[in-house]
Each structure stands twice: as structure tokens, then as C-alpha cells.
Amino acid sequence: MRSAPTILHLDMDAFFASVEQASKPSLRGKAVVVGGLGPRGVVATASYEARVFGVHSAMPMAQARRLAPNAAYLVPRFALYRSISDQVMGLLRSLSPLVEPLSLDEAFVDLEAGGTAWDERSARLAGAKLRADIRAATALTGSVGLAASKMLAKIASERAKPDGLVLIEPGTERALLGPLSVRTLPGVGPATGDHLRRAGIHTVEELAEAGEDELVRLLGKAHGHGLFAMALARDERPVVAERETKSVSVEDTYDVDIHDRVRVATEVRRLAERCVRRLRGAGLSGRTIVLKVRRYDFSTLTRSETLRGPTDDPAVVREAAARLLESVDTTGGVRLLGVGVSGLADYTQEDLFAQAAGVDEEVSVPEEPEVSSATASRTPPERRWPAGHDVRHTAHGHGWVQGSGLGRVTVRFETPGSAPGRVRTFRTDDPALEPADPLPLVSRGPGEEGDARAGGGAVAESR
Ligand code: DCP
Ligand code: MG
């Protein structure tokens, strides 16, 4: 393991909610909840002001409304979040070629590989500058963790939240990890956590004390071995820019997110079998089993397990995939699952890709999420005005939908660069009102903002 804290982990603060606050001046400093507003909707995230009331990610929306009845409730705008994410990831790539995004708002960066930092002082400076640059470019705050390994860097950014920077000095890792819950470690999801708790293991220190043999007995060879190393703060995982390896893989995207854990397990089993059929069809075997899970928020996880020798046995692949699934938290729902086998014999790989190309509908990954409530390109028979979405009024300029119902839509006219704006109500079929694209959160020059102004023509008006 390296000796300097030059692995950086960035995680944006209350990401979706912060974007909404940056875009809507009247919501800054207020409780904001972003998520599905339908009867079965869940919270995607809540602003720190809303978290005070106990609202958090993955909570049913109805419960959030009971806890924080006065919060602003908005539907997610994924395209906007993705564009902000691209800006942030661009800043990270200016620090190092080794950037490993984990989700829209989270990534590891190897500062040493980029020549940006080589010791504690330079790492701290790079982290502080990054936070300032993110704020200047996006008006948002992100928290930074710095450490000598990925695991510790991520724990550090968690401790830095919100709007902070924490550096873990090399040599202090074990003392810091010891009292923490086993759930802090990567790969310990609810299932493994329960399993360990039943064995009387709650903290990382207890995990280390249990010893490697005991952990292998409890969790299987790969998982037990890996977890024991983590408990000793030994984490050699490199930051990898390219996660793609040459493999045979199959995946499925689900129209409706799967929440049921049993159903997830069934799907993984099915995919493992399909993957092996393809593997065998190509006359191949492989050593590494890979499980891919894309969650409701489009964060994508891959987990892998490397066997002692190559296999094309469906039972072996099925069981490995099931073990890998154990270490993944699927609360909140799953939109894509995949199972792959890599570590293939080189001499047949080319044949394999020729074959895989014939069935690419199964391996294609949709890049753009479908947001049912945000399809501005299709005009539904009756115009819908999703809460939080941007609109433009011929007389009043740019605003956003605060609410709608009973043939009325309420719009607050303000822009990222304006003062908090006023609310006006229109008929939902008012021809002067049009859906609009979001404005940049940071204005890049005159003329790009500030067209929210007062004027007449509204059906009703309130403050
Ligand atoms: N997200 C989601 N559903 C969840 C968790 C997250 O839709 N159960 C989305 C919304 C979040 C974004 O992913 O804004 C990033 O997730 P984080 O876990 O990083 O949470 P936040 O950035 O919102 O808050 P923080 O990181 O400050 O705790
Ligand atoms: Mg975050």
C-alpha cells in the first residue's frame, strides 16, 4: 500500500437536492425533498435542512411528507444532474488520468498517478483546490476524503460531510477503523452484516480479532479473505479508469425497478445460467465471475470473484454470482442486473466476440435514463407540469413549476442568478406557458440570467 494519502474520494453533498437549491433561489436554506411523487414514490435524496426532520434516501415519500410537511417536494431531473456530474468529473480528470466514477456524484481519483500530489501537504492542497473549483463551476459543495487507500478515502469523505475535507494520516488507519461498524467496510451489505452480527462480530476490531480462518468459514473463501484484509486496513485496490474487461456477459434492464430481494436473487441465477450457455456455446471457460448491479439512482456496482481455475459449470457460476449479490445493497431498487465471466483463454477470445456481437440486444446498456415525467420531447394529450421542472412564460420569463392540479399550475419566476422570485398561477392550458430547459447554475456572462421579472397577465398571484 502507498505511504502517502494521495487517493481522493469525492462525494457531492445532497447532490440532487443541492442542484435544485442552486437552480431555485427560493429553496436555498430550505427543506427540499427530491424523489418519486406518485403513490409508491420513494425519496431519492433530501437537503440537509430536510434531514433534520428525519427524511432520508429510500424512505417512502408518504412518510417523508408526514415528517416534513412544509418541505418542497420535487421530481428528479436526471438530465440536469448528469450534465452537472459531467462538469465535476471533468474537473477530476484534470487532476489525474485515473478517475473511477462510482455514481453521478461520487468518484475516486489517484492524485499520485496524475502527478498532482505526492505527500500529505500536496494532497491536502489539491483537495482544497478541487472543492473551490467545483464550487466556482457548479455553485455546489462536495466533500473530499484523502487517504492511502480507497476504503479509507471513502470513509474520510463520509466524515467530511457536508462541505468539508478530511485527510487520514497514514499509520492511523487501524486505530480509526477499529471501533467502527463492520458495515463501514466495502462489501459488507445488510446480509453479510446480519450474518456477522449473529456470529457476535459488530466492529471492525472484532472482525480482525475473529481471524482469517473464522471469516473464511463464515463467509466463504474469497469474501472472508478479502474482508479480513480490509479489517486490517489493507486495501490494495487500485483506482481504475477502465472497468471494462474482456468477458462474456449478459445483462437485463428492468422496466420497473426490482425491490424484492428474492426476485433479485432469482434474476441473478437466471442470468448466470444464460451467461454459461453463451460461454459454452463459444467453447470457453473463465476464471472470474462478475456481477453488475445498476441501482435505481443509476449508480453501477461491479463485484467479482476469481476462482482457482477456469470453469464453465453453471452451478459454480450461479453460486459465485449469488455470493457476490450478498455483498450488494439493493434497498431502494435495482434497474439492471448482469452476470459475466472474464479471465478467458486468449486464443479463443476473438471467436467469442464475433459470436457475442450477434446478440447485442442483450448486452446493450442504455446510457440515458428514461424519466417518465420529464419527456419534454413528447407532447402528451393533456399538458403535464411536473413539480420542479423549468418553464418559460412569454411575459414573465423563466421559472419553475411549484405545483399543479385542478386545471391550474403555479409557477415561481426565478433563475439561478436572480433573487428569490414571485409565484403566479395560470391555467394548465395557458398558451403563454411552455416547458423550458434548465439554465446553467453558474452564469457564464451577461445575458444568460435574470429574466425573471414582475408583470401582469397571471390568473392569480401569491407570495
Ligand atoms: N440517490 C437516490 N436514491 C438513494 C440514494 C441516492 O436516488 N437511495 C441519488 C440522489 C442523491 C445521489 O443519488 O442525491 C447521490 O447519492 P448520495 O448517497 O451521495 O447522497 P447525497 O449526495 O444526496 O447526499 P450526501 O452524499 O451528502 O449524503
Ligand atoms: Mg453525495
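Conventions and cut-offs
- Residues numbered from 1 in each chain as written.
- Chains lettered and ligands numbered in written order.
- Predicted model: local features only at pLDDT ≥ 70, side-chain atom pairs only at ≥ 80, totals over all residues.
- Core = buried A, V, L, I, M, F, W, Y, C linked by C-beta atoms within 7 Å.
- Buried ≥ 20, exposed ≤ 12 C-beta atoms within 10 Å, placed from the backbone.
- Domains from an automatic or database assignment.
- Contact = placed C-beta atoms within 7 Å.
- pLDDT = per-residue confidence, 0-100.
- Near = placed C-beta within 6 Å.
- Helix = DSSP H or I, 4+ residues; strand = E, 2+ residues; numbered from the N terminus.
- Nonpolar A, V, L, I, M, F, W, Y, C, P; charged D, E, K, R; others polar.
- Pairing = 2+ DSSP bridges.
- Axes fitted to C-alpha atoms, helices over the stretch in contact; angles between N-to-C directions.
- Left-handed = near helix turned anticlockwise from the far one by under 90°.
- Parallel < 35°, antiparallel > 145°, perpendicular 65-115°, else oblique.

### What about the nonpolar core?
One finds L8, V32, V33, V109, L152 and A156 to be the most contacted residues of the largest nonpolar core, which totals 81 residues. Two domains share this core, each providing at least three of its residues, namely domain 1 (1-166) and domain 2 (176-231). Discounting chain neighbours no more than four positions away, the residues touching A156 are H9, G145, L146, A147, V166, L167 and I168. Of all hydrophobic cores here, the second largest spans 24 residues; its members include V250, A272, V293 and L325.

### Considerations on the confidence of the model for the protein chain
For the protein chain, per-residue confidence averages 85 on the pLDDT scale, and residues scoring 70 or more make up 86% of the total. Counting interchain partners and residues more than four positions distant, the pLDDT-below-50 stretch residues 346-380 has 30 contacts.

### Digging into the site of ligand 1
For ligand 1, the set of nearby residues contains 17 residues, the closest of which are F15, A44, T45, S57 and D297. Those elements that provide at least two residues to the shell around ligand 1 are β1 (7-12), α1 (15-23) and β3 (43-46). Taken together, the residues of the shell around ligand 1 break down into eight nonpolar, three polar and six charged. Two domains each put at least three residues into the shell around ligand 1: domain 1 (1-166) and domain 3 (247-369).

### Things to note about the sheet that holds strand β4 (residues 72-74)
Here three strands make up an open sheet; going across it, the order is β3-β2-β4 and the pairing mixed. Looking at the sheet topology across the chains shown, the edges are occupied by β3 and β4. Averaged over all adjacent pairs, the angle separating strand axes in this sheet is 20°, with direction ignored. Sheet analysis places strand β2 (residues 32-35) next to β4, joined by three bridges and oriented parallel. When the sheet's bridge partners are listed, V33 is paired in β4 with Y73.

### A look at the packing of helix α4 (residues 78-93) against helix α5 (residues 120-138)
The geometry of α4 relative to α5 is characterised by a closest axis approach of 10 Å and an angle of 145° between their N-to-C directions. Between α4 and α5 lies a crossing of right-handed hand. Where α4 abuts α5, its residues I84, Q87, V88 and L91 lie against L130, D133, I134, A137 and T138. Within the contact of α4 with α5, the residues separate by chemical class into six nonpolar, two polar and one charged.

### Digging into the packing of α1 against α4
Two numbers describe how α1 lies on α4: the axes approach to 10 Å, and their chain directions differ by 95°. One element, α1, and the other, α4, form an angle in the roughly perpendicular class. Of α4, the residues touching α1 (which contributes F15, F16 and V19) are L80, Y81 and I84. Of the residues contributing to the contact of α1 with α4, the split by class is six nonpolar, no polar and no charged.

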